[in-house]
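Structural characterization, general
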Number of protein chains: 2
Amino acid sequence: MTANTKTRNGVNVEALFGALDAVKAQPEAAKFQFRATNEWVKGTHSRSRIHDFFGLGQELAHRDAHEFNADHPEQLTGTDLAPTPVEYLLHALAACITAGIGNIASARGIDLTRVRSTVTGDIDLVGLLGLDDSVRNGYQRIDVRLVIEGDAGAEELRGVVSRSIARSAVYDMLTKGTSVTVQVDVE
Amino acid sequence: MTANTKTRNGVNVEALFGALDAVKAQPEAAKFQFRATNEWVKGTHSRSRIHDFFGLGQELAHRDAHEFNADHPEQLTGTDLAPTPVEYLLHALAACITAGIGNIASARGIDLTRVRSTVTGDIDLVGLLGLDDSVRNGYQRIDVRLVIEGDAGAEELRGVVSRSIARSAVYDMLTKGTSVTVQVDVE
């Protein structure tokens, strides 16, 4: 472990602690809303746009707007133009745990050299296809295999991963569930 | 509603029913595994790759490999190179419901002209930041506002949306939770 520096692993540690202090002083600033708009293209193909969000008490936006396609593979009657929605979910989980590891390692003065994960989700489509109501629609299990390398002992590195999982927004929602409302308007 | 045709809304309806019959005849074929690998880049920035998957009893792959970056915005100590993991989750939810609508409308002989949704997720970062254990890490609520337009009555179109939600893999996981295991290796 090297001496504490302002930036570690690409994380501005002063800014990280500054953000924590700012939120402690003004908890309302921590209320964020993230958003995506999705437009059906054809068949199982749709496209989402992600740009603006709310936080720190004001409307904010990413520097760039981002667009993502989703589709089903040909084996599932799609046109295979993009990954499936359930694959994006695996990406979200891996990226959430990994971002937390970046921040937490930096706050703890650990220089990381590698974080790599493989996430798999097992799904039995007889549920989703409505052929067997005893089989759930979603993944029956998700497994993450994560490799971490950095200038700290194995237990310290494992501690960083554990803390990241304990504070991961996506892990929390996937393991505990969350409230989803759907409002439908017919045009 | 027009007469039933082989392809509707870009969905090959014959192939859709054929897939259902194939799975009924051989339920093992419906066991799929989806995968993503993620590599940390720097700070809160990571990149996932999505390509191969398992299904129909064999190793399969998307025609193309797809890569997606994730990052935090600058307001959350990131470099804002890409959407956050929790925004990808909103995309996954919208795209899953929309793909289902495409398939179900087609199976029911309804021609769609528009499906558009806005998904918002409200999150209080005092949870994720570890400042208040009574506040959850993930979204406290997700709200979907969906507009559908097609050549069927309002109740029929609402019925398509309801069925899609009832069979959505991502909606199922987000509302009910799922099992996630994490295995950590230190290099």
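Coordinates for the structure precede this section.
Residues numbered from 1 in each chain as written. Chains lettered and ligands numbered in written order. Predicted model: local features only at pLDDT ≥ 70, side-chain atom pairs only at ≥ 80, totals over all residues. Heavy atoms only, no water.

1. Considering the relation of the copies chain A and chain B
- Expressed as a screw operation, the relation of chain A to chain B combines 0.0 Å of axial shift with a rotation of 180°, fitting to an RMSD of 0.0 Å. Between the two chains, the operation in question is that of a two-fold axis. For chain A, the minimum C-alpha distance to the rotation axis belongs to A:Gly177 and amounts to 2.1 Å.
- In this assembly, 100% of the residues forming the interface of chain A have copies in chain B that are likewise at the interface, indicating an isologous arrangement. (Least-squares fit on C-alpha atoms with pLDDT ≥ 70 in both. Contact = heavy atoms within 4.5 Å.)

2. Describing the interface of chain A and chain B
- Residue-level contacts link 127 residues of chain A with 127 residues of chain B.
- Taken together, the two surfaces of chain A and chain B that pack against each other cover about 11800 Å², and 59% of this comes from carbon and sulfur.
- Taken together, the links from chain A to chain B amount to 10 salt bridges.
- Here B:Glu74 and A:Arg63 are joined by a salt bridge, their closest N and O atoms 2.9 Å apart.
- At the junction of chain A and chain B, the tally comes to 76 residue pairs in polar contact (both at pLDDT 80 or more). (Buried area = accessible area lost by both parts, 1.4 Å probe. Salt bridge = Lys/Arg side-chain N within 4 Å of Asp/Glu carboxyl O. Polar contact = N/O pair within 3.5 Å; in protein donor to acceptor, adjacent residues only side chain to side chain.)

3. A few points about the packing of aromatic side chains
- A complete count under the given rule lists 12 aromatic pairs over all chains for this structure.
- On the numbers, 5.4 Å between centres and 25° between planes, the contact of A:Phe34 with A:Phe53 is stacked. Here A:Phe34 is found in strand β3 (residues 31–42), whereas its partner A:Phe53 is found in strand β4 (residues 45–55), with 19 residues between them in sequence.
- By relative accessible area, which is 0% here, A:Phe53 ends up buried.
- Centroid distance A:Phe68 to A:Tyr88: 6.5 Å. Interplanar angle 70°. Geometry classified as edge-to-face. Placement of A:Phe68 in strand β5 (residues 58–70) and of A:Tyr88 in helix α2 (residues 85–107) is noted, with a sequence separation of 20 residues between them. A:Tyr88 carries the same exposure label as A:Phe68, and that label is buried.
- Here the aromatic cluster, defined as three or more aromatic residues joined through ring pairs, consists of A:Phe68, A:Tyr88, B:Phe68 and B:Tyr88. (Phe/Tyr/Trp six-rings, centres within 6.5 Å; stacked < 30°, edge-to-face > 60°. Helix = DSSP H or I, 4+ residues; strand = E, 2+ residues; numbered from the N terminus. Buried < 20%, exposed > 50% of the residue type's maximum accessible area, 1.4 Å probe, protein only.)

4. Re the side chain of A:Thr120
- If you trace the backbone, A:Thr120 turns up in strand β6 (residues 112–124).
- Apart from residues no more than four positions distant in its own chain, A:Thr120 is found in contact with A:Leu90, A:Arg141, A:Ile142, A:Asp143, A:Arg145, B:Gln33, B:Phe34 and B:Arg35.

5. Quick word on the sheet that holds strand β8 (residues 179–186) of chain B
- The strand order across the open sheet built from 6 strands is β5(B)-β4(B)-β3(B)-β6(A)-β7(A)-β8(B), with neighbouring strands paired in mixed fashion. Of all the strands in the sheet, just β5 (58–70) and β8 of chain B have a single pairing partner and so form its edges. Along the sheet, successive strands turn relative to each other by an average axial angle of 15°, direction set aside.
- With 10 bridges connecting them, β6(A) and strand β7 (residues 141–150) of chain A associate as antiparallel partners. (Pairing = 2+ DSSP bridges. Axes fitted to C-alpha atoms, helices over the stretch in contact; angles between N-to-C directions.)

6. Digging into the packing of α2(A) against helix α5 (residues 169–176) of chain B
- In the contact formed by α2(A) and α5(B), the axes pass within 9 Å of each other and the chain directions differ by 40°. Comparing their axes, α5(B) and α2(A) come out oblique. Residues A:Pro85, A:Val86 and A:Leu89 of α2(A) touch α5(B), and the partners they reach there are B:Ala169, B:Val170 and B:Met173.
- Its residues assigned to classes, the contact of α2(A) with α5(B) comprises 6 nonpolar, no polar and no charged. (Parallel < 35°, antiparallel > 145°, perpendicular 65-115°, else oblique. Nonpolar A, V, L, I, M, F, W, Y, C, P; charged D, E, K, R; others polar.)

7. A short note on the sheet that holds strand β6 (residues 112–124) of chain B
- Pairing in this open sheet of 6 strands is mixed, and the strands run β5(A)-β4(A)-β3(A)-β6(B)-β7(B)-β8(A) from one edge to the other. Here the strands that pair on one side only, and so sit at the sheet edges, are β5 and β8 (179–186) of chain A. Each adjacent strand pair in this sheet contributes to an overall mean axis angle of 15°, direction not counted.
- Against the sheet, helix α4 (residues 154–166) of chain B makes contact with β8 of chain A together with β6 and β7 (141–150) of chain B, and its axis sits at roughly 155° relative to β8(A), the strand it touches most.

8. Let's talk about unusual backbone geometry
Residue and element names in this part refer to chain B.
- The backbone of Asn9 sits at a positive phi, close to 60°, despite the residue not being glycine.
- Tracing the backbone shows Asn9 in the loop between β1 (7–8) and β2 (11–12).
- Accessibility expressed as a relative area gives 11% for Asn9, which makes it buried.

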